[in-house]
Amino acid sequence: MIRIEPQNGGRTLALRWNEKAARTYCLGSIACALALWTLNAYAQTDTAPTETIVTSTRTTKTPKPHKAAKSAKSVKRAKAEQAQGNAYATRPEVMQLAGEIAARRNLDPQWVSHAIGEARYMPGIVKAILPPAVGVPKNWTLYRSRFIDAVRIKAGVKFWSDNRETLERAEKETGVPAAIVVGIIGVETIYGQQIGNYRVLDALCTLAFDFPAAHPRASARAAYFQSELEEFLALTARTHTDPLALRGSYAGAMGLPQFMPSSWVKYAVDFDGDGRIDLFNSQADVIGSVANYFKAFRWKPGVATYYPVSFDLQKLDKAALLEPDILPTFTPADFAAKGAIVDAAGMQHPGLLALIELQNGADAPQYVAGTENFYAITRYNWSSYYAMAVIELGREVAATMPK
Ligand SMILES: [Ca+2]
C-alpha cells in the first residue's frame, strides 16, 4: 500500500490486523492528478478471471474545456517526461528480474524483457511518491474541499442516474450501498474524467527499479512495485493486451476505480456479463468490482460507517481512545467508559468502534466514532480523511439526486 504519507500511527496496527485476517490487503488510490496519497495492493492469488483489457481510455463523458486543456497539458507533460527517460534494457539487475518474472509466471522471456526494456524512467513519479514535507498540518476542511464540490457532485448525480439499476444490483448482491460505490469512483477519478496519463508500465518500472531512497520505507515499497509489475505483466499477457498501451496514475493504478494490477486480478469482476473485465470503459464492471472489493474486506450490510461522538470531559481518556487509530477496538460501553459518548444508534452498534480524529490545521479537530465499515473504506486507501471524503461525497450526491 502506498499511502504515501500515512496519516497516523495506528496504521501499523491496522495493517497487522489485516494481514493476520486476510493475508492480503489492498488499498485504493486517488487519481494521480489529485493524489495526495495513493494506493497499493498485495494479492498473491493467481486465480485468473476470463477477461480481456480494452486499451481505450475513453472517459465517461466529454471533459469540459478547462478539463480538456488540463488533461492535454498533463498528457504533454507525461510524454515530455517519457522522452527523457532511460531504458531499462541496459540494466543487468532489471533484466535479471525480467527473467525471473518470466520463469515464475511461465511467460515468454523475450516478451517480458522486451516490455520492461521499453519502459521509461519517469522523474516526476519519483517526486510524486515521496511523502509530504514533515510538519505540514493535516486539514480535513481543506482535504474535503478538494473532493466535495459542485462539479464532482453533478458528475456523481449523472453517474448514479445512468447506472441506477446496476448500483441497485451491486448493493443487493454485496450489501455495499450505492452511495459508497459512487463516493469511491468520484473521489478516485471524477467518474472517469481523471484516470491518469502515465503509461502503467513506466510507472511500475520506475517505482520497482528506481524507488527514491529518501523514502522511509524505500525497499519495502520497491518490492511491492516489483510484485505489482509482475502481476501487471502476467495480466496483460493472459489478456493479450499490449502492456505499453495502458495508462494510469503515477502509481500504476488503472481505470475508473484506480485498481492496482493485483487488485484487478483479485477483486475485479465482469458485472455486465460480456465475458471480460473492463475497468476503463464498462461502468457496470467498475461498479461491480468496487462493491466486490468491499465485500472481500468484510463490508457489513446495513451498518453505519460512523456515529457522531461527543466527549464527557470528566472521564475522557483521549490518548487511550486514539491509540488503536482507525482500527475498531472499543465496544460502545468501553467508549463511554473512556469518555466518548455516541448517540442512541451508536450505543446499539453490534460491533466495535474507533475514535477517528480529523485534524483541521490550527483549528480544533473533529471526531467521529468509526465502525468496521469505516475501516473497510480505508482498505481502499489507508486514510481516514479519504474514507470521510468518500462517505460525504456519496451522501452529497444522494441528497442531490432527483426524487
Ligand atoms: Ca464486462
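Residues numbered from 1 in each chain as written. Predicted model: local features only at pLDDT ≥ 70, side-chain atom pairs only at ≥ 80, totals over all residues.

**Student:** Mind laying out the overall build of the protein chain, listing which residues take part and the relevant values?
**Tutor:** Of regular secondary structure, the protein chain possesses 18 helices and six strands. The buried share of the protein chain, taken over its 403 residues, is 48%. Taking the intrachain contacts of the protein chain between residues at least 6 apart in sequence as the baseline, contacts between residues at least 24 apart amount to 75%. (Helix = DSSP H or I, 4+ residues; strand = E, 2+ residues; numbered from the N terminus. Buried ≥ 20, exposed ≤ 12 C-beta atoms within 10 Å, placed from the backbone. Contact = placed C-beta atoms within 7 Å.)

**Student:** Which residues make up the nonpolar core, and what values go with them?
**Tutor:** Among the nonpolar cores identified, the biggest contains 104 residues, and Val 181, Leu 204, Ala 369, Ala 389 and Val 390 are the most heavily contacted of them. The dominant element in this core, judged by the number of residues it contributes, is helix α18 (residues 384-400), at nine residues. When residues are assigned to domains, this core turns out to be shared by domain 1 (11-85 + 120-135 + 186-296) and domain 2 (306-400), each giving three or more. In this structure, Ala 389 is in contact with Tyr 143, Arg 144, Phe 147, Ile 148 and Val 187, ignoring residues within four places of it in sequence. (Core = buried A, V, L, I, M, F, W, Y, C linked by C-beta atoms within 7 Å. Domains from an automatic or database assignment.)

**Student:** Please set out the sheet that holds strand β6 (residues 363-370) residue by residue, giving values where relevant.
**Tutor:** If you trace the four strands from one edge of the open sheet to the other, you get β4-β3-β6-β5, paired in antiparallel fashion. Strands at the two margins of the open sheet, each flanked by one partner only, are β4 (340-342) and β5 (354-360). The average angle at which neighbouring strand axes cross in this sheet is 40°, direction not considered. Sheet topology note: the strand β3 (residues 306-311)/β6 ladder contains three bridges and is antiparallel. For Pro 308, the partnering residue across the bridge sits in β6 and is Val 368. (Pairing = 2+ DSSP bridges. Axes fitted to C-alpha atoms, helices over the stretch in contact; angles between N-to-C directions.)

**Student:** An account of the packing of helix α9 (residues 178-189) against α18 is needed here, citing residue identities and associated values.
**Tutor:** Helix packing geometry: the angle between the two helix axes and the distance between the axes. Running from N to C, α9 and α18 cross one another at 110°; their axes reach a closest spacing of 7 Å. Judged by the angle between their axes, α9 and α18 are roughly perpendicular. Relative to α18, the crossing made by α9 is right-handed. Between α9, through Ala 179, Ile 180, Val 182, Gly 183, Ile 184, Gly 186 and Val 187, and α18, the contact on the second element is made entirely by Ala 389, Val 390, Ile 391, Leu 393, Gly 394, Arg 395, Val 397 and Ala 398. Each residue belonging to the contact of α9 with α18 can be placed in one class, and the counts come to 11 nonpolar, three polar and one charged. (Parallel < 35°, antiparallel > 145°, perpendicular 65-115°, else oblique. Left-handed = near helix turned anticlockwise from the far one by under 90°. Nonpolar A, V, L, I, M, F, W, Y, C, P; charged D, E, K, R; others polar.)

**Student:** Residue-level account of the pairing of β3, with values.
**Tutor:** Relative to β4, β3 runs antiparallel, the two being bridged by three bridges. Bridging across to β4, Phe 311 finds its partner in Ala 340.

**Student:** So what's going on with the environment of Ala 214? Which residues, and what values?
**Tutor:** Here Ala 214 lies in the loop between α10 (200-209) and α11 (218-238). Placed 84 residues apart in sequence, Ala 214 and Leu 130 show a C-alpha to C-alpha distance of 7.7 Å.

**Student:** Can you break down the packing of helix α3 (residues 92-105) against helix α4 (residues 109-118) residue by residue, with the values?
**Tutor:** The N-to-C vectors of α3 and α4 enclose an angle of 140°; their axes lie 9 Å apart at closest approach. With respect to each other, α3 and α4 are oriented oblique. Seen along the crossing, α3 lies across α4 with a hand that is right-handed. Together, Val 94, Met 95, Ala 98, Gly 99, Ile 101 and Ala 102 of α3 and Pro 109, Val 112, Ser 113 and Ile 116 of α4 make up the contact between the two elements.

**Student:** How would you summarise unusual backbone geometry if you had to cite specific residues and measurements?
**Tutor:** Despite not being glycine, Tyr 191 shows a phi value in the positive range, around 60°. You can see Tyr 191 is positioned in the loop between α9 and β1 (198-199). You can call Tyr 191 buried: it has 24 C-beta atoms within 10 Å. In this structure, Arg 298 is a non-glycine residue whose phi angle is positive, near 60°. Looking at the secondary structure, you find Arg 298 in the loop between α13 (283-296) and β3.

**Student:** Outline α4, supporting the account with residue identities and numerical values.
**Tutor:** Taken as a whole, α4 has its buried residues at Val 112, Ala 115 and Ile 116. Taken around the axis of α4, the buried residues stretch over an arc of 90°, which confines them to a single face. Structurally, α4 contributes buried residues whose contacts are with α3, α10 and α11. (Arc of directions from axis to C-beta.)

**Student:** Go over the pairing of β5 with me, naming the residues and quoting the values.
**Tutor:** As paired elements, β5 and β6 share six bridges and run antiparallel to each other. Opposite Asn 360, over in β6, you have Asp 363 as the bridge partner. Hairpin remark: β5 followed by β6, antiparallel, with two residues in the connecting loop; positive phi at Gly 361, about 60°.

**Student:** Any chance you could break down the environment of Tyr 224 for me, citing the residues and the numbers?
**Tutor:** By the element assignment, Tyr 224 lies in helix α11. Among the residues examined, Tyr 224 registers 21 C-beta atoms within 10 Å and is labelled buried. Remark: the alpha-carbon pair of Tyr 224 and Leu 204, spanning 20 residues in sequence, is separated by 9.7 Å.

**Student:** Quick one: what's the story with α10, residue by residue and with numbers?
**Tutor:** Taking burial as the measure, the 10 residues of α10 include nine buried ones, the bulk of the element. Looking only at α10, the buried set comprises Val 200, Leu 201, Asp 202, Ala 203, Leu 204, Cys 205, Thr 206, Leu 207 and Ala 208.

**Student:** Any chance you could break down the confidence of the model for the protein chain for me, citing the residues and the numbers?
**Tutor:** Looking at the protein chain as a whole, the pLDDT averages 84, with 79% of positions reaching at least 70. Contacts from residues 1-51, a stretch scored under 50 in pLDDT, to residues over four places away or in other chains number 136 contacts. In this model, residues 55-68 is a region of pLDDT below 50 whose contacts with residues beyond four sequence positions or in other chains number 19 contacts. (pLDDT = per-residue confidence, 0-100.)

**Student:** Could you give an account of the environment of Arg 144, with specific residues and numbers?
**Tutor:** Within the secondary structure, Arg 144 sits in helix α6 (residues 140-147). Residues Arg 144 and Val 390 lie 246 residues apart in sequence; the distance between their C-alpha atoms is 9.5 Å. In this structure Arg 144 touches Ala 389 and Glu 392, once residues within four positions along its chain are discounted.

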